[in-house]
There are 2 protein chains.
Amino acid sequence: MATMNDVARAAGVSTSTVSYVLSGKRTISPDTRAEVLAAIEKLGYSPHAGARALASNRSNVLGLMVPLREDVNVSVVMQFVSAVVTTARTFEQDVLLLTQDDTDGIARVMSQSIVDGMIMMDIEAKDPRVPLLAKMRKPAVLIGLPDDAQGLSCVDFDFAAASRVSVRHLVDLGHRRVALIGSPQASLERHATYADRVRNGFEAAASAANVDFASRACEPTAAALAHALQDLVTGVDAATGLVVHNEFLLPMLRDTLSEMGLSVPADISVVAIAPTDVALASTAPWTAVSIPAHDIGRTAVEMVMERMHTEKPAEVRLIVPSLVQRVTTSPAKASV
Amino acid sequence: MATMNDVARAAGVSTSTVSYVLSGKRTISPDTRAEVLAAIEKLGYSPHAGARALASNRSNVLGLMVPLREDVNVSVVMQFVSAVVTTARTFEQDVLLLTQDDTDGIARVMSQSIVDGMIMMDIEAKDPRVPLLAKMRKPAVLIGLPDDAQGLSCVDFDFAAASRVSVRHLVDLGHRRVALIGSPQASLERHATYADRVRNGFEAAASAANVDFASRACEPTAAALAHALQDLVTGVDAATGLVVHNEFLLPMLRDTLSEMGLSVPADISVVAIAPTDVALASTAPWTAVSIPAHDIGRTAVEMVMERMHTEKPAEVRLIVPSLVQRVTTSPAKASV
DNA sequence: GTTTGGTATCGAAGCGCTTCGCTTAAATTA
DNA sequence: TAATTTAAGCGAAGCGCTTCGATACCAAAC
């Protein structure tokens, strides 16, 4: 392995010159620059990340802690991961992967300076990892909104607003009884913040609009879905407008409803809260508030990078939802 | 940040002593060891990964290149990732994440010594990344079997044998016409090695058993599935035994068949080639050859680690399949 | 009592880079 | 022409660790 010294010798310059050619932090004449680059090429030189990290105190690696739980949809997780990795590369950063359960990992990678910053997904209301992260003196961004962010920056989709927009859309169409099918029970119980916020937003919006409402958690199985729907959309006070925040269930929703004799949107209008590709993965695409996983992931990286060199106060960014009407919502039938 | 020097001073020893306490590479008296550990504790010392990497020429990071494609099932990918990360931690390694399309990433992370070794998933028959990897002088393991591994080690599930076992099971049950529903067309076209091997194994086994066979690629949509089934399991020469290697499709398979008036296993026996949890995610669990994602991921890490310090010849390990009969296969009806 | 062999510790070199201050030469100004 | 500025490059210190002798001490062996 050629070192920077070898390059310097081959180019007939000092190592510092080579370093400045590479970093561009001082002016170098075009001639020497060319000679240095030629030497680099010829020797197949590439800098040693460890040495660079030692001297510059920067590793050019970002830590990303991802959830690998039963109750989160891995395909959505992957959209975040993909956005984070791609964006990180535009900042010349690589991404180190930590799993949710590896709580010690936070301290390990940060205090050993393996990473320059951290991004943490799937934050819970009282997430024990948040105080740990806050103690470290490197930038960190949460994807999600804990009760107390302890001075850390956060980015997330505005799930409460997403619920609100969904309810309002249904109400505007004349629906007077709305229902929510949400995340699995497990997500609610551990207070994954998106689950809580969707539910609270839903209930607040329905109350404010003065319409009847009901909400249910739902496990990712056909049976659970059928059961939940039984409760919510049949009987005398059946809802005619449904909000679904559960990517597992969406693929089976239409069939399950039709087995119950309900057609969409004639009998029941449905708004999905889901990534666009999930909402479109159906012959009759869902009216949906899309979860912009890519934007969130990208923003998280940008926020970490902004705080890498310069002090910048913590901030919370909520991505504003927008509803796209497709073919699964329509005006309510005139009430009896 | 306290350095090793600070610790040495606080403990009244030399830095080398501290280093040896930490690495255990020389004997240290219990007393000094205790003092050193106390100083470490008191100062909240943790070693600087960059400095360590520079001096020892080891980063303790493994690179993992994962596919984020449309045609691979992310939940299966995550099982591999999870196994790799977990196993890596048992070797005190962290995992750096690279995405499939980042071909330059291989050279970058290896020649800059950001990682000590690489694991690459979703290998294609003539994968352009394989020669790149082979050029590097750090250990690497492929999950998959390219046509030419160029001296690299490989680990994978024996998909050909999985097909064989599935066909034999159906044949033993008296089925004389078998069909395969495989990966999406895209996977076959890019010669993802699992897709090719499942198909070839299937056709070879059926030929050898002297039974009729047919096979189809299938996109991950209900419509495509219905269409494929139409071809394969209806009509005069309908198959009565079906092998399915496609995790997307399994959840909708039973319903689609029942809409066609076919019940499982009365009218048609089905063997799945899928991870156990997918095979069990049904009220009537599938007879299946399970894809041991966790074992494969773990083995990949072990193989990299074995080659980290010592020269060891490349090897190919195929994980032997085993079929578990559940409730979706039964003897063929007596033929007419 | 001298030699041998272990055991526990120290000191220093070096891993490959970044960065600061200095020097030299050329360009600009008065 | 002398004084001043600017551009380009050099040298050396230092980042925090690992590792290889060398050393000092003590117990056992002859």
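Residues numbered from 1 in each chain as written. Chains lettered and ligands numbered in written order. Predicted model: local features only at pLDDT ≥ 70, side-chain atom pairs only at ≥ 80, totals over all residues. Heavy atoms only, no water.

## Here we look at the protein's contact with DNA strand D
Stage number 1. Neighbouring DNA strand D are 27 residues; A:Thr17, A:Thr32, B:Met4, B:Arg26 and B:Tyr45 lie closest to it.
Stage number 2. Backbone sugar and phosphate groups make up 56% of those atoms of DNA strand D lying within 4 Å of the protein.
Stage number 3. In this structure, A:Thr17 approaches DNA strand D through a side-chain N or O atom, which is 2.6 Å from a phosphate oxygen.
Stage number 4. At the level of elements, α2 (15-23) and α4 (49-56) of chain A together with α2 (15-23) and α4 (49-56) of chain B are the ones that each hand at least two residues to the surface near DNA strand D.
Stage number 5. The greatest single-element share of the surface near DNA strand D, amounting to five residues, is contributed by α4(B).
Stage number 6. Residues that form the surface near DNA strand D fall into these classes: eleven nonpolar, twelve polar and four charged. (Near = heavy atom within 4 Å. Polar contact = N/O pair within 3.5 Å; in protein donor to acceptor, adjacent residues only side chain to side chain. Helix = DSSP H or I, 4+ residues; strand = E, 2+ residues; numbered from the N terminus. Nonpolar A, V, L, I, M, F, W, Y, C, P; charged D, E, K, R; others polar.)

## What to know about the relation of the copies chain B and chain A
Stage number 1. With an axial shift of 0.0 Å and an RMSD of 0.0 Å, the rotation relating chain B to chain A amounts to 180°. With respect to symmetry, the two chain copies, as superposed, fit the operation of a two-fold axis.
Stage number 2. A share of 100% of interface residues in chain B that are also interface residues in chain A marks the association as one of identical surfaces. (Least-squares fit on C-alpha atoms with pLDDT ≥ 70 in both. Contact = heavy atoms within 4.5 Å.)

## Observations concerning the interface of chain B and chain A
Stage number 1. Counting residues at the interface gives 34 residues for chain B and 34 residues for chain A.
Stage number 2. Connecting chain B to chain A are two salt bridges.
Stage number 3. Ionic pairing is found between A:Arg108 and B:Asp94, a salt bridge with its closest N-O pair at 2.4 Å.
Stage number 4. Considering each element in turn, the side of chain B that touches chain A owes the most residues, eight residues, to helix α5 (residues 74-90) of chain B.
Stage number 5. For the side of chain B that touches chain A, the per-class residue count stands at 19 nonpolar, ten polar and five charged.
Stage number 6. Where strand β2 (residues 94-99) of chain A lies against strand β2 (residues 94-99) of chain B, three bridges are found, and the strand directions are antiparallel. (Salt bridge = Lys/Arg side-chain N within 4 Å of Asp/Glu carboxyl O. Pairing = 2+ DSSP bridges.)

## With respect to the pairing of strand β9 (residues 269-274) of chain B
Residue and element names in this part refer to chain B.
Stage number 1. Taken across its six residues, β9 has six buried, putting it largely inside the fold.
Stage number 2. Across the two faces of β9 the burial is the same, with Ser269, Val271 and Ile273 and Val270, Ala272 and Ala274 all buried.
Stage number 3. Two strands pair when backbone bridges link them, and strand β8 (residues 241-244) and β9 are joined in this way by four bridges, in the parallel orientation. Each residue of the ladder has a partner; that of Val243, found in β9, is Val271.
Stage number 4. Taken together, β8, helix α12 (residues 250-259) and β9 constitute a β-α-β crossover, and its handedness is right-handed.
Stage number 5. When β9 meets strand β10 (residues 287-290), the two strands line up parallel, connected through four bridges. (Buried < 20%, exposed > 50% of the residue type's maximum accessible area, 1.4 Å probe, protein only. Right-handed = clockwise from strand over helix to strand, strands pointing away.)

## Considering the packing of helix α8 (residues 159-172) of chain A against helix α10 (residues 193-209) of chain A
Residue and element names in this part refer to chain A.
Stage number 1. Where α8 contacts α10, the two axes come as close as 7 Å, and the packing angle between them is 35°. Handedness of the α8/α10 crossing: right-handed. Contacts between α8 and α10 pair Phe159, Ala160, Ser163, Arg164, Val167 and Val171 from the former with Tyr194, Arg197, Val198, Gly201, Phe202, Ala205, Ala206 and Ala209 from the latter. (Axes fitted to C-alpha atoms, helices over the stretch in contact; angles between N-to-C directions. Left-handed = near helix turned anticlockwise from the far one by under 90°.)

## Quick look at the packing of helix α5 (residues 74-90) of chain A against α5(B)
Stage number 1. Interaxial distance between α5(A) and α5(B) falls to 8 Å at its minimum, and their mutual angle equals 70°. Relative to α5(B), the element α5(A) is oriented roughly perpendicular. Listed contacts from α5(B) to A:Val74, A:Ser75, A:Val77 and A:Met78 of α5(A) are B:Val74, B:Ser75, B:Val77 and B:Met78.
Stage number 2. The residue makeup of the contact of α5(A) with α5(B), split by class, is six nonpolar, two polar and no charged. (Parallel < 35°, antiparallel > 145°, perpendicular 65-115°, else oblique.)

## Details of the protein's contact with DNA strand C
Stage number 1. Contacts to DNA strand C come from 27 residues, most closely from A:Met4, A:Arg26, A:Tyr45, B:Thr17 and B:Thr32.
Stage number 2. At a separation of 2.9 Å, a base oxygen of DNA strand C approaches a polar side-chain atom of B:Arg26.
Stage number 3. Looking at the surface near DNA strand C, the elements with two or more residues in it are α2 and α4 of chain A together with α2 and α4 of chain B.
Stage number 4. In terms of residue count, α4(A) provides more of the surface near DNA strand C than any other element does, five residues in total.
Stage number 5. Looking at side-chain class alone, the surface near DNA strand C contains eleven nonpolar, twelve polar and four charged residues.

## Comments concerning the sheet that holds β10(B)
Strands belonging to one sheet form pairs held by backbone hydrogen bonds; the direction of such a pair is parallel or antiparallel.
Residue and element names in this part refer to chain B.
Stage number 1. An order of β7-β6-β8-β9-β10-β12 is seen for the six strands of this open sheet, with the pairing classed as mixed. A single partner strand is all that each edge strand has here, and the edge strands are β7 (212-216) and β12 (323-324).
Stage number 2. Across the face of the sheet, helix α10 (residues 193-209) comes into contact with β6 (177-181), β7, β8 and β9 while running at roughly 170° to β7.

## As for the sheet that holds β2(A)
Stage number 1. Spatial strand order, β11(A)-β5(A)-β4(A)-β3(A)-β1(A)-β2(A)-β2(B)-β1(B)-β3(B)-β4(B)-β5(B)-β11(B): twelve strands in an open sheet with mixed pairing. With partners counted over all chains shown, the strands left at the sheet margins are β11 (316-319) of chain A together with β11 (316-319) of chain B, one partner each. Across this sheet, the average inter-strand angle for adjacent strands is 20°, counted without regard to direction.
Stage number 2. For strand β5 (residues 153-157) of chain A and β11(A), the ladder comprises four bridges, and the chain directions are parallel. Across the sheet, A:Phe157 pairs through a bridge with A:Ile319, a residue of β11(A).
Stage number 3. On the sheet, α5(A) packs against β1 (61-66), β2, β3 (117-120) and β4 (140-143) of chain A together with β2 of chain B and is oriented at approximately 175° with respect to β1(A).

## Notes on the environment of A:Cys218
Residues and elements named next belong to chain A.
Stage number 1. Structurally, Cys218 is set in the loop between β7 (212-216) and α11 (222-233).
Stage number 2. On the accessibility criterion, Cys218 (2% relative accessible area) is buried.
Stage number 3. Considered as a pair, Cys218 and Ile114 are 104 residues apart in the sequence and their alpha carbons are 40 Å apart.
Stage number 4. If we skip the residues at most four places from it in the chain, Cys218 touches Ile181, Gly182, Ser183, Pro184, Ala224, Leu225, Ala228, Asn246 and Leu249.

## Details of the domain arrangement of chain A
Stage number 1. Per the domain assignment, the segments making up chain A are domain 1 (4-47), domain 2 (61-157 + 293-319) and domain 3 (159-291).
Stage number 2. Between domain 1 of chain A and domain 3 of chain A, the C-alpha centre-to-centre distance is 61 Å. (Domains from an automatic or database assignment.)

## Structural notes on the nonpolar core
Stage number 1. In terms of nonpolar packing, the biggest core is built from 104 residues, with A:Phe157 and B:Phe157 touching the most fellow members.
Stage number 2. Ignoring sequence-local partners within four residues, the contact set of A:Phe157 consists of A:Ala162, A:Arg197, A:Ile273, A:Val289, A:Ser290, A:Ile291, A:Pro292, A:Ile296, A:Leu318, A:Ile319, A:Val320 and A:Pro321. (Core = buried A, V, L, I, M, F, W, Y, C linked by side-chain atoms within 4.5 Å.)

## Things to note about the pairing of β8(B)
All names here are of chain B.
Stage number 1. Burial along β8 is two-sided: Gly241 and Val243 facing one way and Leu242 and Val244 facing the other are all buried.
Stage number 2. Pairing geometry for β6 and β8, over four bridges, is parallel. Within β8, the position partnered with Leu180 by the bridge is Val243.

## Some points on the pattern of salt bridges
Stage number 1. Taken as a whole and judged by the stated rule, the model has 44 salt bridges over all chains.
Stage number 2. Here A:Arg190 ties to A:Glu124 by a salt bridge, and the two come within 3.2 Å at their closest N and O atoms. Note that A:Arg190 is positioned in the loop between α9 (185-189) and α10 and A:Glu124 in the loop between β3 and α7 (129-135), a separation of 66 residues in sequence.
Stage number 3. We note a salt bridge from B:Glu306 to B:Arg317, for which the minimum N-O separation is 3.6 Å. Taken together, the residues span a long stretch of sequence, with B:Glu306 in helix α14 (residues 293-309) and B:Arg317 in strand β11 at a distance of eleven residues.
Stage number 4. Exposure remark for B:Glu306: the relative accessible area of 29% places this residue in the partly exposed category.
Stage number 5. For B:Arg317, a relative accessible area of 26% puts it in the partly exposed group.
Stage number 6. Through salt bridges with shared partners, a single ionic network connects A:Arg69, A:Asp71, A:Asp122, A:Glu124 and A:Arg190.

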